[in-house]
Amino acid sequence: MSRSLQIYNTLSRKKEIFEPVKAPNVGMYVCGPTVYGDAHLGHARPAITFDIVFRYLMHIDYKVRYVRNITDVGHLENDADEGEDKIAKKARLEKLEPMEVVKFYTDRYHQNMDQLNVLHPSIEPVASGHIIEQIELIKSILKNGYAYESQGSVYFDVDKYGHDYNYGKLSGRKTEDLLENTRKLSGQDQKKNSFDFALWKKSDSKHIMHWPSPWSEGYPAWHLECSAMGEKYLGDKIDIHGGGMDLLFPHHESEIAQSNASRGHDPVKYWMHNNMITIDGQKMGKSLNNFITLDEFFTGNHDSLEKAYGPMTIRFFILQAHYRSTLDFSNEALQAAEKGMKKLLGIAEVIEKLQPSANTSVNIEVFHDKLYDAIDDDFNTPIAIAHLFDLSKIINQVNDGKASLTKSDIEKIKKLYSSFVYDILGLKNDFIDSKDDSLVSELMETILTLRRNAKDNKDWATADKIRDELAKLNISVKDTKDGADWSIN
RNA sequence: GGUACCGUGGCCGAGUGGCUAGGCGCUGGUCUGCAAAACCAUGUACAGCGGUUCGAAUCCGCUCGGUACCUCCA
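Only a predicted model underlies this, so the values are computations on that prediction, with no experimental measurement involved.

1. Some thoughts on the sheet that holds strand β11 (residues 277-279)
Right, on to step 1. Spatial strand order, β12-β11-β13: 3 strands in an open sheet with mixed pairing. The sheet terminates laterally at β12 (282-283) and β13 (327-329), the two strands that pair on one side only.
Right, on to step 2. Sheet analysis places β11 next to β12, joined by 2 bridges and oriented antiparallel. Paired with Thr278 across the bridge in β12 is Lys283.

2. Quick word on the protein's contact with RNA strand B
Right, on to step 1. Taken together, 66 residues are adjacent to RNA strand B, and Gly42, Gly244, Ser325, Gly340 and Asp479 come closest.
Right, on to step 2. Its residues assigned to classes, the surface near RNA strand B shows 23 nonpolar, 24 polar and 19 charged.

3. Some thoughts on the nonpolar core
Right, on to step 1. Core analysis: the biggest nonpolar cluster contains 113 residues, and Met28, Phe156 and Leu199 have the highest contact counts within it.
Right, on to step 2. With 10 residues, the top contributor of residues to this core is helix α1 (residues 41-59).
Right, on to step 3. Sequence-distant contacts of Met28, defined by excluding residues within four places in its chain, comprise Val53, Phe54, Val64, Tyr66, Val67, Asp239, Ile240 and Gly242.

4. Some words on the environment of Pro98
Right, on to step 1. Its place among the elements puts Pro98 in helix α3 (residues 98-115).
Right, on to step 2. Remark: the alpha-carbon pair of Pro98 and Ala463, spanning 365 residues in sequence, is separated by 59 Å.

5. Focus: the domain arrangement of chain A
Right, on to step 1. Looking at the assigned domains, one finds that chain A contains domain 1 (6-274), domain 2 (278-424) and domain 3 (433-488).
Right, on to step 2. A straight line from the C-alpha centre of domain 1 to that of domain 2 covers 33 Å.
Right, on to step 3. Facing 23 residues of domain 1, the contacting portion of domain 2 comprises 25 residues.
Right, on to step 4. The element that contributes the greatest number of residues to the side of domain 1 that touches domain 2 is α1, accounting for 11 residues.
Right, on to step 5. Looking at side-chain class alone, the side of domain 1 that touches domain 2 contains 10 nonpolar, 9 polar and 4 charged residues.

6. Description of helix α13 (residues 381-399)
Right, on to step 1. Between its first and last C-alpha atoms α13 spans 26 Å; for 19 residues at 1.5 Å apiece the expected length is 27 Å, and the two agree.
Right, on to step 2. Elements in contact with the buried residues of α13: α1, α10 (311-319), α11 (331-353), α12 (365-376) and α14 (407-424).
Right, on to step 3. Where α13 ends, the next residue or the one after it, Gly401, has phi of about 75°, a positive value.

7. Notes on the packing of helix α2 (residues 86-94) against α3
Right, on to step 1. Contact geometry for α2 and α3: axes closest at 8 Å, N-to-C directions at 100°. Classified by the interaxial angle, the pair formed by α2 and α3 is roughly perpendicular. On the side of α2, the interface is formed by Ile87, Ala88, Lys90, Ala91 and Glu94, while α3 contributes Pro98, Val101 and Val102.
Right, on to step 2. Its residues placed into classes, the contact of α2 with α3 shows 6 nonpolar, no polar and 2 charged.

8. Some words on the confidence of the model for chain A
A low pLDDT means the predicted coordinates there should not be read in detail.
Right, on to step 1. For chain A, the mean per-residue pLDDT works out to 88, and 94% of the residues sit at or above 70.
Right, on to step 2. Mean pLDDT across the elements of chain A ranges from a minimum in helix α6 (residues 175-180), with 72, to a maximum in strand β4 (residues 63-68), with 97.
Right, on to step 3. Quick note on the complex model: pTM equals 0.92, ipTM equals 0.91.

9. What to know about α2
Right, on to step 1. Among the residues making up α2, those that are buried are Lys86, Ile87, Ala88, Lys90 and Ala91.
Right, on to step 2. Against the buried residues of α2 lie α3.

10. Side note on the environment of Thr313
Right, on to step 1. In this fold, Thr313 is placed in helix α10.
Right, on to step 2. Here Thr313 falls in the buried class, since 23 other C-beta atoms lie within 10 Å of it.
Right, on to step 3. The sequence separation of Thr313 and Tyr62 amounts to 251 residues, and the corresponding C-alpha distance is 29 Å.

11. Some points on the pairing of strand β6 (residues 153-156)
Regular strands show a simple pattern: their side chains alternate between the two faces of the sheet.
Right, on to step 1. Alternating residues of β6 divide into Ser153 and Tyr155 and Val154 and Phe156, and every residue in both groups is buried.
Right, on to step 2. With 4 bridges connecting them, strand β5 (residues 147-150) and β6 associate as antiparallel partners. Bridging from a neighbouring strand, Ala147 pairs with Phe156 of β6.
Right, on to step 3. Counting the residues that bridge the hairpin from β5 to β6 gives 2 residues, and of these Gln151 lies at a positive phi of roughly 50°.
Right, on to step 4. Of the strand pairs in this sheet, β6 and strand β7 (residues 198-202) are connected by 2 bridges, and their pairing is antiparallel. The residue of β7 that forms the bridge with Tyr155 is Ala198.

What counts and how
Residues numbered from 1 in each chain as written. Chains lettered and ligands numbered in written order. Predicted model: local features only at pLDDT ≥ 70, side-chain atom pairs only at ≥ 80, totals over all residues. Pairing = 2+ DSSP bridges. Helix = DSSP H or I, 4+ residues; strand = E, 2+ residues; numbered from the N terminus. Near = placed C-beta within 6 Å. Nonpolar A, V, L, I, M, F, W, Y, C, P; charged D, E, K, R; others polar. Core = buried A, V, L, I, M, F, W, Y, C linked by C-beta atoms within 7 Å. Buried ≥ 20, exposed ≤ 12 C-beta atoms within 10 Å, placed from the backbone. Contact = placed C-beta atoms within 7 Å. Domains from an automatic or database assignment. Expected span 1.5 Å × (residues − 1). Axes fitted to C-alpha atoms, helices over the stretch in contact; angles between N-to-C directions. Parallel < 35°, antiparallel > 145°, perpendicular 65-115°, else oblique. pLDDT = per-residue confidence, 0-100.

Right under this line is the structure:
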């Protein structure tokens, strides 16, 4: 396949042709969740965005190693908590062992990701399992003179680094500006400059999770784990590093600095950042306390939700916007997405029923290129979905006898549809599963036969009664020329 | 304050110089016992003002409005 995939690289702020460092192998690292609470809609976005990247790279025959970490060390909370880490705090609040909290939320995160049909990464390293690697990384940064020890903690010397490298190249920041915009944070007095960031923090008595190190009994600081684990599993030049835009600065900027300070070169070729999900125009996030968890969406159990929205509705909703745009949540938008998704997925059944003709009356060849071009253009899933709707229209027309397709063209469409809808976009029909239940199917057949009889006798009251009662059970009955069809909503 | 980004028809959301994005909704029609689905038809939208250009939603400037990051965050 000689297509050319273009990826928007945050580093250059433009689209670049994707060329892996060592084709056909591709290394991809994505910042995963800190497991101290249920995953919310915001977590679904990077997971799904990079799931598409993962799926597509594999689809075009790259050998992909996808690493997505779990942050379980916890990191400093905001000012009010004075150094207590998130997971320790949660553990104290819930009277649990820290690792119990980690396990609980990791499992729940996995469950949510499975529901969203997000493929498992190749490796899912945990920060607490890589303390040694992180300590080694600090040692090498210290050895190269880009860090200093202060009262048992180790800080990155941004000023020193800035003389040899460009701190701010990813986020477009200048160290001079950073100096002027300092906020008062605890531990500032230990640092040479306010913009220096911690590599290792000495733990205080309140801190539950800590490990021995050459400098103190303490814990690794938050930018370090991604550098250490990324390098361990993907080498010192990673093809794609992804994450939310909110991680751009300081997290990813600091990762670049750490790699340069230890290895002398940038760690990543293509930086990709997904945009935020907003609610009422504002970012949905933990700190704003305006988030809705994925479980709440799936159950509808939240004041802002008019109804439950299934995992595929959430997935489709996210894919209908480009990953670099903000996406605004609303019930109206979700319900529109749900209808659109059902329509698109329902087409699979129509394709199966198509009757081949001797000739083809519509141009279907263009769809192959249009669909691949859309994804090749920085993973433009909304455009791909628009083309799939166009394709659906043709399929319906053929089904209605208003257009025709040959047997081989039907096969081509089936393959194209399956590649894009199932393999690349990762959608699946999760609302007709119970149709596979043979007992249900036979019961439905019996009921619909009774209704058929009523209709033959022009007993519309009984026929409508059956349809209405089934509707109450969320089963919709549609009369077609080949008899009644049913589906579960 | 610094640095980015955004403002598209009723809603969501693509598009970045000339060619109908798409979805949902609304309205009318075909079909149907009635519905539903499907199909057909239907919206001269691009925050405002000025400029560049044969031509701008798309480039430039200003104004207004909004967001994100600068502190844990997806």
